[in-house]
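# An overview of the molecular structure
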Amino acid sequence: MKTSDFYYDLPQELIAQDPLEDRAGSRLLVLDKKTGKIEHHAFRDIAEYLESGDCLVINDTKVIPARLIGSKEGTGAKIEVLLLKRKENDVWETLVKPGKKAKPGTRISFGDGLLVGEVMDVVEEGNRLIHFEYEGIFEEILDQLGQMPLPPYITHQLKDKNRYNTVYASHAGSAAAPTAGLHFTPELMEKIREKGIEIARVTLHVGLGTFRPVKVEDVTAHHMHSEFYIIDEEAAEKINSAKKNHKRVICVGTTSCRTIESAADENGHLKACSGWTEIFIYPGYEFKILDCLITNFHLPESTLIMLVSALAGKEHVLNAYEEAVKEKYRFFSFGDAMLIL
């Protein structure tokens with residue numbers, strides 16, 4: 001299986017640069033994974049496809065303003081730091097640009113010294129471990145100094161930080177949004193509850209590995225970055241109950257999907273747990289729990305288009321993408337959505 005098997009041609013102008021005013025106003029392409037049949041709807045109609053007893057799994061992670069612009073102490077050179085993973089004692093694994101200016105011992109000042117970071121070590125793929133010094137509460141300082149870490153294909157500045165978070169985001173820790181969830185409004189969530197659909201909240205802190213290109217031609221040689229997840233008793237119970245009653249488990253986004261598939265045993269049963277996952281789902285994978293998926297349109301040759309191809313078949317998926325391009329759907333993080341049934 002080659003990476004190039006998952007390529008499709010996307011006109012630049014279809015990459016959504018800004019979120020829609022109305023979250024639920026996005027378009028929704030509905031794909032039948034068995035037949036490949038395609039329908040076109042508005043996202044606000046999503047509840048019509050959900051049935052009483054189904055379980056909707058959402059990722060309640062919250063994106064932090066993880067992009068910091070600072071200056072190197074001594075020279076004043078501009079340095080950009082992206083927070084990736086929180087370690088212990090105010091140490092973070094980070095991505096630093098330009099990396100050559102950030103040797104161990106380098107000190108970087110942010111906000112005129114409101115926050116100071118010292119590079120401690122170089123870790124895998126050139127990432128840096130940085131220890132931060134500050135007074136007060138780190139999250140409040142970050143909120144003051146940090147910017148939302150938008151993907152490289154979004155060139156516009158985000159006017160409202162909240163628009164790169166879901167309305168149900170509650171556990172801070174992500175460097176990227178679980179974007180399929182951005183389409184939901186509080187009203188839509190209420191409508192879904194009223195229909196008798198269970199909502200299970202899981203947490204997976206999305207890392208930048210989500211956007212990391214697959215650089216190998218043999219798909220199976222690609223290595224995923226590890227991401228931290230949590231499934232509590234209540235979520236495990238709701239998901240197990242749906243499976244037991246022969247109802248569907250519908251994941252909102254590839255991150256929710258990867259979370260429950262990582263934690264399931266071989267019988268498709270979940271226990272409350274937490275840990276790190278490097279699961280890589282591509283065609284040939286047998287899903288243990290997931291039945292249906294709500295997702296956005298993903299980059300060509302990405303691990304995410306491989307995941308949806310594992311669920312619906314590569315031919316069906318690429319055909320749906322071709323149709324979406326023809327119908328001028330909006331693509332990627334702030335783009336339209338797809339429901340795979």
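Keep in mind that what you see is a predicted model, and the values were worked out from it rather than measured. (Residues numbered from 1 in each chain as written. Predicted model: local features only at pLDDT ≥ 70, side-chain atom pairs only at ≥ 80, totals over all residues. Heavy atoms only, no water.)

### Some details on the pattern of salt bridges
To be explicit about the condition: Salt bridge, as applied in this entry: a Lys or Arg side-chain nitrogen positioned within 4 Å of an Asp or Glu carboxyl oxygen. Numbering of helices and strands runs from the N terminus, with a helix taken as a DSSP run of H or I at least four residues long and a strand as a DSSP run of E at least two residues long. Here's how the labels work: a residue is buried when its accessible area is under 20% of the maximum for its type, exposed when over 50%, partly exposed in between, all with a 1.4 Å probe on protein chains only.
All chains considered together, the criterion is met by 18 salt bridges. For Glu-73, the salt bridge is made with Arg-107, and the minimal N-O distance between the two is 3.3 Å. Taken together, the residues Glu-73 in the loop between strand S5 (67–72) and strand S6 (78–86) and Arg-107 in strand S8 (residues 107–110) connect sequence positions 34 residues apart. Owing to a relative accessible area of 39%, Glu-73 belongs among the partly exposed residues under this scheme. When its relative accessible area of 26% is taken as the criterion, Arg-107 is described as partly exposed. Where salt bridges share partners, they join Glu-73, Arg-107, Glu-118 and Glu-133 into one cluster.

### A short note on the nonpolar core
Counted only if it meets this: Buried Ala, Val, Leu, Ile, Met, Phe, Trp, Tyr and Cys residues form a nonpolar core when they are joined through side-chain atoms within 4.5 Å. For this analysis, residues touch if any pair of their heavy atoms sits within 4.5 Å.
The biggest cluster of nonpolar side chains holds 67 residues, and the ones touching the most others in it are Val-57, Ile-239, Ile-260, Leu-270, Tyr-321 and Phe-331. At seven residues, the largest contribution of residues to this core is made by helix H5 (residues 303–312). Those residues within four positions of Val-57 in sequence are excluded, and the remaining contacts are Ala-200, Val-202, Ile-239, Val-249, Ile-250, Cys-251, Val-252, Ser-256 and Ile-260. Tyr-49, Leu-50, Leu-56 and Ile-199 belong to the second-largest nonpolar core, a separate cluster that totals 24 residues.

### A few points about the sheet that holds strand S7 (residues 91–97)
This is how the line gets drawn: At least two bridges found by DSSP between two strands are what make those strands a pair. Simply put, an axis is a line fit to the C-alpha atoms, just over the touching stretch for a helix, and the angle between two N-to-C directions goes from 0 to 180 degrees.
Here we have six strands rolled up into a closed barrel, ordered S5-S6-S7-S10-S9-S8, and antiparallel in their pairing. Neighbour to neighbour, the strand axes of the sheet diverge by 45 degrees on average, direction disregarded. Here strand S9 (residues 115–122) runs beside strand S10 (residues 128–134); their pairing, made up of seven bridges, is antiparallel. Of the residues in S10, the one forming a bridge with Val-116 is Glu-133.

### Considering the pairing of strand S16 (residues 292–296)
Of all five residues in S16, five are buried; the element is thus mostly enclosed. As paired elements, strand S14 (residues 249–252) and S16 share three bridges and run parallel to each other. Residue pairing in the sheet places Val-252 in a bridge with Ile-294 of S16. In the sheet, S16 pairs with strand S17 (residues 337–340) via four bridges, with the strands oriented antiparallel. Each residue of the ladder has a partner; that of Thr-295, found in S17, is Met-338.

### Comments concerning the pairing of strand S2 (residues 38–42)
As paired elements, strand S1 (residues 27–31) and S2 share five bridges and run antiparallel to each other. Each residue of the ladder has a partner; that of Leu-29, found in S2, is His-40. Here S1 folds back onto S2, and the loop between the two strands holds six residues, one of which, Gly-36, carries a positive phi near 85 degrees.

### Quick word on unusual backbone geometry
The linkage connecting Lys-97 with the following residue, Pro-98, adopts the cis geometry, with an omega of -10 degrees. Even without glycine at this site, Asp-90 takes up a positive phi of about 60 degrees. Mapping Asp-90 onto the fold places it in the loop between S6 and S7. With a relative accessible area of 33%, Asp-90 lands in the partly exposed category.

### Description of the environment of Tyr-7
Tracing the backbone through its elements, the reader meets Tyr-7 in the segment before S1. A residue is classified by how much of its surface remains accessible, and Tyr-7, at 46% relative accessible area, is partly exposed. Once the C-alpha coordinates of Tyr-7 and Glu-301 are considered, the two residues, 294 residues apart in sequence, prove to be 5.1 Å apart. Setting aside residues up to four positions removed in sequence, Tyr-7 forms contacts with Pro-300, Glu-301 and Leu-318.

### Brief notes about the side chain of Thr-166
The criterion, for reference: A 3.5 Å cut-off defines polar contacts: any pair of N or O atoms within that distance qualifies, except that in protein one atom must be a possible hydrogen donor and the other a possible acceptor, and neighbouring residues in sequence count only when both atoms are side-chain atoms.
Tracing the backbone shows Thr-166 in the loop between helix H1 (138–145) and strand S11 (171–174). At 3.1 Å, the side chain of Thr-166 and the backbone nitrogen of Ala-169 are in polar contact.

### Here we look at the domain arrangement of the protein
Put simply, the test is: Boundaries between domains were set according to an automatic or database domain assignment. Once two parts are put together, the accessible area they lose, assessed with a 1.4 Å probe and summed over both, is termed the buried area. Each residue receives one of three labels: charged for Asp, Glu, Lys and Arg, nonpolar for Ala, Val, Leu, Ile, Met, Phe, Trp, Tyr, Cys and Pro, and polar for the others, Gly being one of them.
Looking at the assigned domains, one finds that the protein contains domain 1 (3–63 + 160–340) and domain 2 (67–147). One C-alpha centre belongs to domain 1, the other to domain 2; they are set 31 Å apart. Across the boundary between the two partners, domain 1 contributes seven residues, which contact eight residues of domain 2. Interface area, domain 1 with domain 2, both sides summed: about 670 Å², of which 50% is carbon and sulfur. It is Lys-161, Leu-208 and His-225 in domain 1 that bury the most area against domain 2; as a group they hold 54% of the surface buried on that side. Where domain 1 meets domain 2, there are zero salt bridges. Linking domain 1 to domain 2 there are three residue pairs in polar contact (both at pLDDT 80 or more). Classifying every residue of the side of domain 1 that touches domain 2 gives three nonpolar, two polar and two charged.

### Some points on the packing of H5 against helix H6 (residues 314–326)
For clarity, the cut-off: Angle categories are assigned with fixed cut-offs, so that under 35 degrees is roughly parallel, over 145 is roughly antiparallel, 65 to 115 is roughly perpendicular, and the rest are oblique.
At a closest axis distance of 7 Å, the pairing of H5 and H6 adopts a crossing angle of 120 degrees. As judged from the angle between their axes, H5 and H6 are oblique. For the pair H5 and H6, the contacting residues are Ile-305, Val-308, Ser-309 and Ala-312 in the first and Lys-314, His-316, Val-317, Leu-318 and Tyr-321 in the second. Split by residue class, the contact of H5 with H6 holds six nonpolar, two polar and one charged.

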